[in-house]
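As a plain string of letters, each chain reads:
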Amino acid sequence: MNDNKVYVEVIVKFSTEGAMMPIEFIWEDGTKYLIDKVKSKERCASRKAGGTGIMYTVMVDGKECHLYYEFDKWFMERKSA
Amino acid sequence: MTYLPLYKDLKAIYNAYIEKNTRSKKRKGENVERVILHSDANCFYASVEMLYHPEYAGKPLAVGGDPEARHGIVLTANYIAKRSGVKTGMALWQAKQVCPDLIFVPPRMDLYLKFSFMLREIYSEYTNQIEPYGCDEAWLDVTGSSSLKGNGRMIAEEISRRVKKELGITVSIGISWNKIFAKLGSDYKKPDAITEFNKANYQDLIWKLPVSDLLYVGRSTNRTLQKYGIRTIGELARTDPDFLELQLGKMGLVIYSFANGWDDSPVSVEGYQAPIKSIGNSTTTPRDLENDQDVQIILMALAESVAARLRKHCFKCNVVSISIRDNGLFHFTRQRKLQEPTDITDEIMSAAYRLFRENYHWPRPIRSLGIRADDLVMGQVPVQLDLFMNEQRREKQEKLDRAVDDIRRRFGYHSVQRAFMYQDKILSSLDAQGSHTVHPVGYFNGR
């Protein structure tokens, strides 16, 4: 079992052109995190979490982290592992 | 046989073709030599599973069929498992014997097809001439994009880097001026490698390879060539083509041309579909078939699938053939010409069952069955009616089949079934059409 992959709930805004922008995500412990800024978006594999998807590099509380959109789900890498 | 005169002076014909193209391209200021890449995803299924299971890093892993459903063979193994002697096609228990630590994961075709699609998305940023060869290999003709994206090696390096970063798997890429040598290049060094065969180095590198490495030199052809002392591709290239033709027929001339690099076949444009020449389905059954009733259930599921696909593509078939493999893995096929072209399920089923009854007398239980519809004609083509066939009844059957197709399209395959199929729910659970997977088309693409 792979513990480094954490599926998260994400609140997303769709533009009128259909572009998808994550606004907020809920970590597995229930804490909500507001996304201050989306810095970039590109397809990228995550060897640590195990999977591939569109990687959103986002700023949360002044820290950079990655959110992956994998086909129809969102996941993040667990930091501590 | 009509092709034979064309091959009589292969080198002259090839040179004339190249000269003609070179002249016209030189006039237009175009690049005169094609740049063909062949990209092959290394241990494709296993690599995808390794990506999704980082906890198995550094361990031997094999993607294997489900032993419960009796598809118990290794589909792909990672390099660690391969080094221990695990080979594609091995039974799961054999693989476990040669590599006791081997980890099996069940196949997830949907996921692999998604990766295959993403690979093609990357390729499509370099060319529209992408010819898939199975779900993990493809030829790309990047001649046109060389001026924008750099030479073949630069494009190959960029594709390789992107696949690794974006998909987390690796590819081996061969570069050459023709498809055959490009494919040899991707097989030459693995994994995660780029090999270029050009006109300056191909004799030193390719001609030393065993002749069995060449596309279309299978076990039987290899045996024939070995018999005459032709062991390397170079030896094949230097053999008299008339002698090869005598021994191997038309294919002798084809592989002779391949060995010399005289291959000008184009890389198909993305989305090209080879003309359909036959439609078939086969299945390994969930349990061994032991009597005629078992066979009827499976044949009916297969006939329904084949006939539905004939109707979907507006074809009728003149020939029905069946393939049988018993549980001792003895395999044979038989075929029969029909009185009239048909796409009616019952007619295909009864032809298949009649073939079965005439040719199989139950020496052993059966492990897998297949039906194929050959000699296809367009569905609307006028046919001479037979005085002794009940055409009214056939028309009714056609209408009935189409109604069933429509119900299944809307509500799913199992929404309407023949009562007959309920005699064995395990066997009749087979959705031959839904589970049908298109396997790699041949190199000749039906041409």
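All figures in this text were calculated on a predicted structure; none of them were measured in a lab.

Thresholds applied
- Each residue is numbered by its place in its chain's sequence as written, counting from 1.
- To read the labels, note that chains go from A and ligands from 1, taken in the order they are written.
- The predicted origin of the model limits local features to residues at a pLDDT of at least 70 and limits the giving and counting of side-chain atom pairs to 80 or more, whereas totals for whole chains, interfaces and linings rest on all residues.
- Segments assigned H or I by DSSP are reported as helices when at least four residues long, segments assigned E as strands when at least two residues long, and all are numbered from the N terminus.
- Here a residue counts as buried when 20 or more other C-beta atoms fall within 10 Å of its C-beta, as exposed when 12 or fewer do, and as partly exposed in between; the C-beta atoms come from the backbone.
- Residue pairs qualify as contacts under a 7 Å threshold applied to their C-beta atoms, which are placed from the backbone.
- A set of buried residues qualifies as a nonpolar core if it consists of Ala, Val, Leu, Ile, Met, Phe, Trp, Tyr and Cys joined through C-beta atoms within 7 Å.
- Just so you know, the domain bounds were taken from an automatic or database domain assignment.
- Only when DSSP finds a minimum of two bridges between them are two strands counted as paired.
- The convention used is that axes are lines fitted to C-alpha atoms, helices contributing only their stretch in contact, and that angles between N-to-C directions extend from 0 to 180 degrees.
- If the strands point away from the viewer and the path from the first strand over the helix to the second runs clockwise, then the crossover is right-handed.
- Polarity classes work like this: nonpolar for Ala, Val, Leu, Ile, Met, Phe, Trp, Tyr, Cys and Pro, charged for Asp, Glu, Lys and Arg, and polar for all others, with Gly in that last group.
- A helix is expected to reach a length of 1.5 Å times the quantity of its residues less one.
- The arc in question is the one spanned by the directions pointing from the helix axis to the C-beta atoms.

## Focus on the overall build of chain B
Summing up its helical and strand segments, chain B has 18 helices and 12 strands in all. When burial is assessed residue by residue, chain B has 34% of its 447 residues classed as buried. Taking the intrachain contacts of chain B between residues at least 6 apart in sequence as the baseline, contacts between residues at least 24 apart amount to 63%.

## Considering the nonpolar core
In a soluble, globular protein the nonpolar side chains are often hidden away together inside. All names here are of chain B. In terms of nonpolar packing, the biggest core is built from 68 residues, with Leu37, Ala62, Val86, Leu140 and Leu236 touching the most fellow members. Mapping this core onto the domain boundaries places at least three of its residues in each of domain 1 (33-40 + 112-260) and domain 2 (44-109). Excluding residues within four positions of it along the chain, leucine 140 makes contact with Leu37, Ser39, Tyr123, Tyr126, Thr127, Gln129, Ile130 and Val267. Core analysis: the next-biggest nonpolar cluster, separate from the first, contains 31 residues, Leu299, Ala351, Leu369 and Leu430 among them.

## A short note on the domain arrangement of chain B
One can read the domain layout of chain B as domain 1 (33-40 + 112-260), domain 2 (44-109) and domain 3 (279-428). With centres defined by C-alpha atoms, the gap from domain 2 of chain B to domain 3 of chain B works out at 34 Å.

## Considering the sheet that holds strand β9 (residues 279-289) of chain B
All names here are of chain B. Pairing is antiparallel in the open sheet, where 4 strands are placed in the order β9-β12-β10-β11. Strand pairing shows two members of the sheet lacking a second neighbour, β9 and β11 (331-342), which therefore form its edges. Averaged over all adjacent pairs, the angle separating strand axes in this sheet is 15°, with direction ignored. Against the sheet, helix α15 (residues 292-312) contacts β9, β10 (315-326) and β12 (366-378), and its axis sits at roughly 160° relative to β9. Each of β10, β11 and β12 is contacted by helix α16 (residues 345-359), which is oriented at about 140° to β11, the strand it contacts most.

## Here we look at the pairing of strand β7 (residues 171-176) of chain B
Residues and elements named next belong to chain B. Burial analysis of β7 places 6 of its 6 residues in the buried class, which makes it a mostly covered element. Here β7 shows two buried faces, one formed by Val171, Ile173 and Ile175 and the other by Ser172, Gly174 and Ser176. Pairing between strand β1 (residues 36-41) and β7: 6 bridges, direction antiparallel. Looking across to β7, one finds that aspartate 40 is bridged to serine 172. Of the strand pairs in this sheet, β7 and strand β8 (residues 194-196) are connected by 3 bridges, and their pairing is parallel. Its bridge partner lying in β8, isoleucine 173 is registered against isoleucine 194. Handedness of the β7-helix α9 (residues 179-188)-β8 crossover: left-handed.

## Here's the deal with unusual backbone geometry
Peptide bonds are trans in most cases, and residues, glycine excluded, mostly fall at negative phi. Omega for the peptide link from lysine 190 of chain B to proline 191 of chain B comes to -15°, which places this bond in the cis form. With respect to the secondary-structure elements, proline 191 of chain B resides in the loop between α9 and β8. The backbone of aspartate 61 of chain A shows a phi angle near 50°, a positive value even though the residue is not glycine. By the element assignment, aspartate 61 of chain A lies in the loop between β6 (51-60) and β7 (63-70). The class of aspartate 61 of chain A is exposed, set by 9 C-beta atoms lying within 10 Å. The backbone of cysteine 43 of chain B sits at a positive phi, close to 40°, despite the residue not being glycine. Structurally, cysteine 43 of chain B is set in the loop between β1 and α3 (44-52). The class for cysteine 43 of chain B is buried, based on 24 C-beta atoms found within 10 Å.

## Looking at the pairing of strand β2 (residues 9-14) of chain A
Residue and element names in this part refer to chain A. For β2, the buried fraction is low: 0 of the 6 residues fall into the buried class. With 6 bridges connecting them, β2 and strand β3 (residues 20-26) associate as antiparallel partners. Along β3, the bridge assignment pairs isoleucine 11 with glutamate 24. Between the end of β2 and the start of β3, which pair antiparallel, lie 5 residues, with glycine 18 showing a positive phi angle near 95°.

## Details of the interface of chain A and chain B
Tallying the contact residues gives 12 residues for chain A and 10 residues for chain B. For the side of chain A that touches chain B, the secondary structure elements donating two or more residues are β5 (37-46) and β6 of chain A. Top contributing element to the side of chain A that touches chain B by residue count: β5 of chain A, with 3 residues. Each residue belonging to the side of chain A that touches chain B can be placed in one class, and the counts come to 4 nonpolar, 5 polar and 3 charged.

## Section: the sheet that holds β2 of chain A
Residues and elements named next belong to chain A. Here we have 3 strands laid out as an open sheet, ordered β2-β3-β4, and antiparallel in their pairing. Looking at which strands have only one partner, the edges of the open sheet turn out to be β2 and β4 (32-34). For this sheet the average axis-to-axis angle between neighbouring strands, irrespective of direction, equals 30°.

## Here's the deal with helix α8 (residues 152-167) of chain B
Residues lying three or four places apart along an α-helix face the same way, a consequence of the helix completing one turn every 3.6 residues. All names here are of chain B. Given a rise of 1.5 Å per residue, 16 residues ought to cover 22 Å, and the 22 Å separating the end C-alpha atoms of α8 matches this to within 8%. Of the residues making up α8, those classed as buried are Gly152, Ile155, Ala156, Ile159, Val163, Glu166 and Leu167. For α8, the angular spread of buried residues about the axis comes to 120°, placing them on one side. Residues of α8 that are exposed and angled more than 90 degrees away from the buried face: Met154 and Arg161. Backbone geometry just downstream of α8 places glycine 168 in the positive-phi region, at approximately 75°.

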